[in-house]
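In case you want the letters, here they are:
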Amino acid sequence: APCPDNLDTPARELLQIMAATAVDCSEAVASKEMCFVCFDTLLAHFSGDGLPPPSYANYLCPLFVSWENVSGHGARLRGCIGSLTPRHLHGGLGEYALHSGVRDGRFTPVDVGEVPSLECKVSLLKCYEVVENYLDWEIGVHGLTIEFDDDDARRKRSATYLPDIAKQEGWSKHETIDSLIRKAGFRGELTDRLRGSLRTTRYQSTAAKAN
């Protein structure tokens, strides 16, 4: 299943935040050490032990943490939650390691016995650009955030996909956009007029995995 999102900041506000932290974010690179910190945080949650401070720089970045069970045949998503609001990595990665591992409502919480079968993925988001055309992005390169007005429901809707989702699912650009609209909770007819009204932001990410 495609990774869910935590759209706690509208895209227009997000871009203002990103502009203020652009140097910080542009220098950040996801690493296996970040994944190991997520593992340590998860284990500390079960044991109650303390954690040493991370050795990587405390960048301010939007981030996602995902867990997959890689035992047996194929990988099974066990949790994936992130924040589009920039978070300091020293606290943010641990926070979202727990959110995705034991608080993702789509799945039963990870238990301590499952930890050896898990793979962790850390994604740091950067290079946000507002685009005029909802198809102005590249599969496998860009993630997307969309916002639009749902007049029938009298509310705004929004959703995001990380850069690897469209390629992983084998979707075209149009299929990705339509899936995003549905992910945002829209249940009406998918029309060219609706697609053309999308406020679309593309972004890139740096990612690392470890198990």
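Let me sum up the structure you'll find in this document. (Residues numbered from 1 in each chain as written. Predicted model: local features only at pLDDT ≥ 70, side-chain atom pairs only at ≥ 80, totals over all residues. Heavy atoms only, no water.)

1. Side note on the overall build of the protein
Point 1. Secondary structure assignment for the protein yields seven helices and six strands.
Point 2. What you see in the protein, going N to C, is helices and strands ordered as α-α-α-β-β-α-β-β-β-α-α-α-β.
Point 3. A buried classification covers 48% of the 211 residues belonging to the protein.
Point 4. In the protein, 76% of the contacts between residues at least 6 apart in sequence involve partners at least 24 apart.
Point 5. As displayed, the protein offers around 10300 Å² of accessible surface, 49% of which is attributable to carbon and sulfur atoms. (Helix = DSSP H or I, 4+ residues; strand = E, 2+ residues; numbered from the N terminus. Buried < 20%, exposed > 50% of the residue type's maximum accessible area, 1.4 Å probe, protein only. Contact = heavy atoms within 4.5 Å. Areas by Shrake-Rupley, 256 points an atom, 1.4 Å probe, with all protein chains shown as cover.)

2. Overview of the pattern of salt bridges
Point 1. Evaluation of the coordinates by the stated rule reveals 11 salt bridges.
Point 2. Note that Asp164 is salt-bridged to Lys121, the shortest N-O span being 2.4 Å. Taken together, the positions of Asp164 in the loop between strand S5 (155–161) and helix H5 (165–169) and Lys121 in strand S3 (residues 118–131) put the pair 43 residues apart, joining distant regions of the chain.
Point 3. Of the charged contacts in the structure, one is a salt bridge between Asp150 and Arg157, with a shortest N-O distance of 2.7 Å.
Point 4. The exposure class assigned to Asp150 is buried, which follows from its relative accessible area of 6%.
Point 5. Several salt bridges share partner residues, and in doing so they unite Glu129, Asp136 and Arg202 into one network. (Salt bridge = Lys/Arg side-chain N within 4 Å of Asp/Glu carboxyl O.)

3. Points about helix H4 (residues 89–102)
Point 1. Its 14 residues place the ends of H4 19 Å apart at the C-alpha level, agreeing with the 20 Å of an ideal helix rising 1.5 Å per residue.
Point 2. Taken across its 14 residues, H4 has 10 buried, putting it largely inside the fold.
Point 3. The set of residues buried in H4 consists of Leu89, Gly92, Leu93, Gly94, Tyr96, Ala97, Leu98, Ser100, Gly101 and Val102. (Expected span 1.5 Å × (residues − 1).)

4. Regarding the environment of Gly170
Point 1. One can find Gly170 in the loop between H5 and helix H6 (173–183).
Point 2. Its relative accessible area of 59% is what places Gly170 among the exposed residues.
Point 3. Taking C-alpha positions, Gly170 is 9.6 Å from Ile139, a pair spaced 31 residues apart along the chain.

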